[in-house]
Amino acid sequence: MSKISTEQTIQTYGIENWGAGYFGINKLGHLTVRPTKNGAHAADVKAIVDHLISRCRLKPPLLLRFPQIIASQIRELHQSFAQAIREFDYRGAHLAVYPMKVNPRRDVVEAFLQEGSKYNYGLEVGTKAELYAALALEQPPESLLVCNGFKDDAFIEMAFLASWIGKQTFVVIEKLNELASFLHLAAQSARWPRLGVRVKLYSRGSGRWEKSGGETAKFGLTTTETLEVIKQLREHRLLDTLKMLHCHIGSQITDIRRIKNAVREAARVYAKMRKMGVDIQYLNVGGGIGVDYDGSHSSFESSANYTMQEFANDVVYTISSICADENVPEPIIVTESGRILTAYHAMVIVNVQDEIETVIDEIAPTDVDEDDPQVVLELRDLRDHITSKNYREYYHDALEHKDELVTLFNLGYIDLEDRAKGEVLFWQILDRVEHFARQSKAFREESEELQKLLAAKYLCNFSVFRTVPDAWALDHLFPIMPIHKLNEPPTEAATLVDLTCDSDGIIDKFVDVKDVKEVLEVHPFTHEPYYLAILLVGAYQEAMGNFHNLLGTLNEAHILIDEDGGFHVQKIIPGQHLDEVLALARYDRAFLHEGFRRNLVQAIKRGQVADQEEADLHERYRAYAQKYTYLE
Ligand SMILES: *Cc1c(COP(=O)(O)O)cnc(C)c1O
């Protein structure tokens, strides 16, 4: 096998474009991961996977978490704002809150709070369950707890509870009736949380979540409603509780200009409210910093055309210049970005289980008789006379004959043997077409259909629905690449199919700097262990992932990377077993055992099972409950 340079591999998979300095390739041809951007120490992902499989007895698929990457992203966010604040002589501060919906896993939230405590970073919740968890989490006393989302009385009561135990709580009014609840509760309390208002901006985001902003957005108050909130608070002599103005124009904002426009509008609203005598101190610009998943650094849906520093600069500069223009004090800037903080820290490792064959290349040239059906003879002629000059035309003819073959079969005119002959001939023609097309890159690229026909299908041990639901639901792109063999040329092109019995359970869109690839470059499958990493899955995928086909959560390991590039396993969390996923669909253990026993007794009665076999069979059934839901 000829060795290729790691430079070539880096280009093929675009690591330098989307890797953000966290990922690379080492001399062994293995994927590496660094705990800090462009840091000197990189751990070998293949070595981590081998260790987990052989020493920790974990089976793939695996979810690897690198908590140091969360910390590194938080530092970068902090430093970006600190830098912008210095550069523009901004007199307010920056505080961040972590939106729990992005990844509510306790380990992730704790990793955020641990690093964020150095900068007084807090939490953002959008539901009662998130708030309930936040009530139990330890935050720095100065950090904020921002309550967004639609709220009922219990939600608002819990926010009161949060403020009673000393959390710097904000109830952000999304709808007028929330204000009524708040006023009612405040009338009976000695202490209450501070208030915010979420306003609907005219400015929209960009990309897939563009609809979160604009006049028709689902969230936020119109200008009239905002004025109504101010009026009611004034009447109740509670106007001084209104301290925050909030907006959020959507996730994964791909275009920095949209952010500037929105912040400009929000800063104007802030200034006008100040001038009306409302003492707003916090301007919360929401989340939405985009992750450059495909590395194109563009305004394409799976990308973003700016860095964290550019985001911070634009937010700070825009607010500062509008405050100067309006002659109002500069507010404390609050940000709620989540995706950019957590996306990089998690990757899923899947093993390729098998290859689903379409090209039947092992079959010897078919013997065709002159009395075979006409369509078979024509396919044979195409095969025998295809050349570099006519292959495009013959390719299209072959596609037509293949359709005809199936039509004739369905009408009952040809039998199974004829159909098989025709199919083999078709694939032989395609083989030759591929041979000629290799010399003409243009044709290969223009003919997507040919590419797809020729692509191998690698059966991977995972569920798209569990692991990367956004790839299924939104055609969102995640970087995917082998974690080893990266110094051998990836000579195959494949799409990835998952274990679910669902034709949507497939990945056939891959990141590419210039375009979207329909196939992934992979190594020939040899029935040796072959592992692919699906990267940047730390934001949204885990909570959105579902249990389609009862495939459960993955075996999970938290990895810390040492100074010398070594690693240690900080924590292992086993993936779900059969009984755990079944419980989600209300098959509890008692029901299953009792049900199996009943079936067993029936079988004994019918004489299909001997009495003495009962205990053994029952024991076997019980033992299977502990199996991993994926292929072992
Ligand atoms: C979802 C959400 C966020 C987080 O957005 P990201 O794109 O993950 O940064 C922040 N604020 C609010 C109100 C949200 O709903």
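Described below are features of the structure shown in this document. (Residues numbered from 1 in each chain as written. Predicted model: local features only at pLDDT ≥ 70, side-chain atom pairs only at ≥ 80, totals over all residues. Heavy atoms only, no water.)

1. Section: the nonpolar core
Here comes step 1: Within the largest apolar cluster, 153 residues are counted, with the highest numbers of intra-cluster contacts made by F23 and L64.
Here comes step 2: Looking at which element gives the most residues to this core, the answer is helix α10 (residues 256–275), with nine residues.
Here comes step 3: Formed jointly, this core draws a minimum of three residues from each of two domains, domain 1 (1–59 + 342–575) and domain 2 (87–337).
Here comes step 4: Sequence-distant contacts of L64, defined by excluding residues within four places in its chain, comprise V45, I48, V49, L52, H345, A346, M347, I349 and A557.
Here comes step 5: Grouped together as the second largest cluster of nonpolar side chains are 24 residues, L377, L379, Y391 and L405 included. (Core = buried A, V, L, I, M, F, W, Y, C linked by side-chain atoms within 4.5 Å. Buried < 20%, exposed > 50% of the residue type's maximum accessible area, 1.4 Å probe, protein only. Helix = DSSP H or I, 4+ residues; strand = E, 2+ residues; numbered from the N terminus. Domains from an automatic or database assignment. Contact = heavy atoms within 4.5 Å.)

2. Structural notes on the sheet that holds strand β1 (residues 23–25)
Here comes step 1: In spatial order, the strands read β1-β2-β3; together these three strands make up an open sheet with antiparallel pairing. Where the open sheet ends on each side, the last strands, each with one partner, are β1 and β3 (43–44).
Here comes step 2: Alignment of strand β2 (residues 31–33) against β3, held across two bridges, turns out to be antiparallel. When the bridges of β3 are listed, T32 appears paired with D44. (Pairing = 2+ DSSP bridges.)

3. Section: the side chain of R383
Here comes step 1: Mapped onto the elements of the fold, R383 is located in helix α13 (residues 374–385).
Here comes step 2: Assessed through its relative accessible area of 9%, R383 is described here as buried.

4. A closer look at the pairing of strand β14 (residues 456–460)
Here comes step 1: Counted residue by residue, β14 has four buried out of five residues, so it is predominantly covered.
Here comes step 2: Pairing analysis gives four bridges linking β14 to strand β16 (residues 492–497), with the strands arranged parallel. Paired with K457 across the strands is T495, a residue of β16.

5. Concerning the sheet that holds strand β7 (residues 144–147)
Here comes step 1: Spatially, the eight strands close up into a barrel ordered β5-β6-β7-β8-β9-β10-β11-β12, and their pairing is parallel. Neighbour-to-neighbour, the strand axes of the sheet open up by a mean angle of 25°, direction not taken into account.
Here comes step 2: Bridge count between strand β11 (residues 282–284) and strand β12 (residues 332–335): three bridges; the pairing is parallel. Paired with Y282 across the bridge in β12 is I332.
Here comes step 3: Its contacts with the sheet put helix α5 (residues 106–116) on β5 (94–99) and β6 (122–125), and the angle it makes with β5 is roughly 170°. (Axes fitted to C-alpha atoms, helices over the stretch in contact; angles between N-to-C directions.)

6. Some words on the pattern of salt bridges
Here comes step 1: The final tally for this structure, using the stated rule, is 35 salt bridges.
Here comes step 2: Among the salt bridges present, the one from R105 reaches E556, with a minimum N-O distance of 2.9 Å. Taken as a pair, R105 in the loop between β5 and α5 and E556 in strand β22 (residues 555–561) lie far apart in primary sequence, 451 residues in all.
Here comes step 3: The exposure class of R105 is partly exposed, given its relative accessible area of 26%. (Salt bridge = Lys/Arg side-chain N within 4 Å of Asp/Glu carboxyl O.)

7. What to know about helix α7 (residues 153–164)
Here comes step 1: Taking 1.5 Å of rise per residue, 12 residues should cover 16 Å, and α7 covers 16 Å from first to last C-alpha, within 8% of that figure.
Here comes step 2: Taken together, the buried positions of α7 are occupied by F155, I156, M158, A159, F160, A162 and S163.
Here comes step 3: Here the buried face of α7 lies against β6, α6 (128–136), β7, β8 (168–173) and α8 (176–187).
Here comes step 4: A side-chain oxygen of the first residue of α7 lies 3.3 Å from the backbone nitrogen of A154; this N-cap is D152.
Here comes step 5: Where α7 terminates, the next one or two residues include G166, which has phi positive at roughly 95°. (Expected span 1.5 Å × (residues − 1). Polar contact = N/O pair within 3.5 Å; in protein donor to acceptor, adjacent residues only side chain to side chain.)

8. Some words on the site of the ligand
Here comes step 1: Near the ligand, the surroundings consist of 17 residues, among which K101, S251, G288, E336 and Y540 are the closest.
Here comes step 2: Taking S251, its side chain carries an N or O atom lying 2.4 Å from an oxygen atom of the ligand.
Here comes step 3: For the ligand, an oxygen atom lies 2.6 Å from a polar atom in the side chain of Y540.
Here comes step 4: About the coverage of the ligand: the protein hides 93% of its 390 Å² of free accessible area.
Here comes step 5: Its residues placed into classes, the shell around the ligand shows three nonpolar, nine polar and five charged. (Near = heavy atom within 4 Å. Areas by Shrake-Rupley, 256 points an atom, 1.4 Å probe, with all protein chains shown as cover. Nonpolar A, V, L, I, M, F, W, Y, C, P; charged D, E, K, R; others polar.)

9. Regarding a nonpolar patch on the surface
Here comes step 1: A surface patch of nonpolar side chains, about 310 Å² in accessible area, is lined by L161, W164 and I165.
Here comes step 2: Looking at where W164 falls in the secondary structure, it is placed in helix α7. (Patch = residues over 30% accessible without salt bridge, like charges linked within 9 Å, V, L, I, M, F, W, Y side chains within 5 Å.)

10. Quick look at the packing of aromatic side chains
Here comes step 1: Under the criterion given, the structure shown has 22 aromatic pairs.
Here comes step 2: For K151, the ring lying beneath its charged end belongs to F155, and the centroid distance is 5.9 Å.
Here comes step 3: Above the ring of F426, the side-chain terminus of K402 is found at 4.7 Å from the ring centroid. (Phe/Tyr/Trp six-rings, centres within 6.5 Å; stacked < 30°, edge-to-face > 60°. Lys NZ or Arg CZ within 6 Å of the ring centre and 35° of its normal.)

11. Some points on the packing of α8 against helix α9 (residues 223–235)
Here comes step 1: The interhelical angle for the contact between α8 and α9, taken along N-to-C directions, is 15°, at an axis separation of 10 Å. Here α9 runs roughly parallel to α8, going by the angle between their axes. Both α8 and α9 take part in a crossing whose hand is right-handed. Packed against α8, whose contacting residues are L176, L179 and L183, the element α9 presents E225, E228, V229, Q232 and L233 at the interface. (Parallel < 35°, antiparallel > 145°, perpendicular 65-115°, else oblique. Left-handed = near helix turned anticlockwise from the far one by under 90°.)

12. A closer look at the environment of Y98
Here comes step 1: Here Y98 is to be found in strand β5.
Here comes step 2: For the pair Y98 and I74, spaced 24 residues apart in sequence, the C-alpha to C-alpha distance is 9.9 Å.
Here comes step 3: Those residues within four positions of Y98 in sequence are excluded, and the remaining contacts are N103, V108, V109, F112, G122, L123, E124, G338 and T342.

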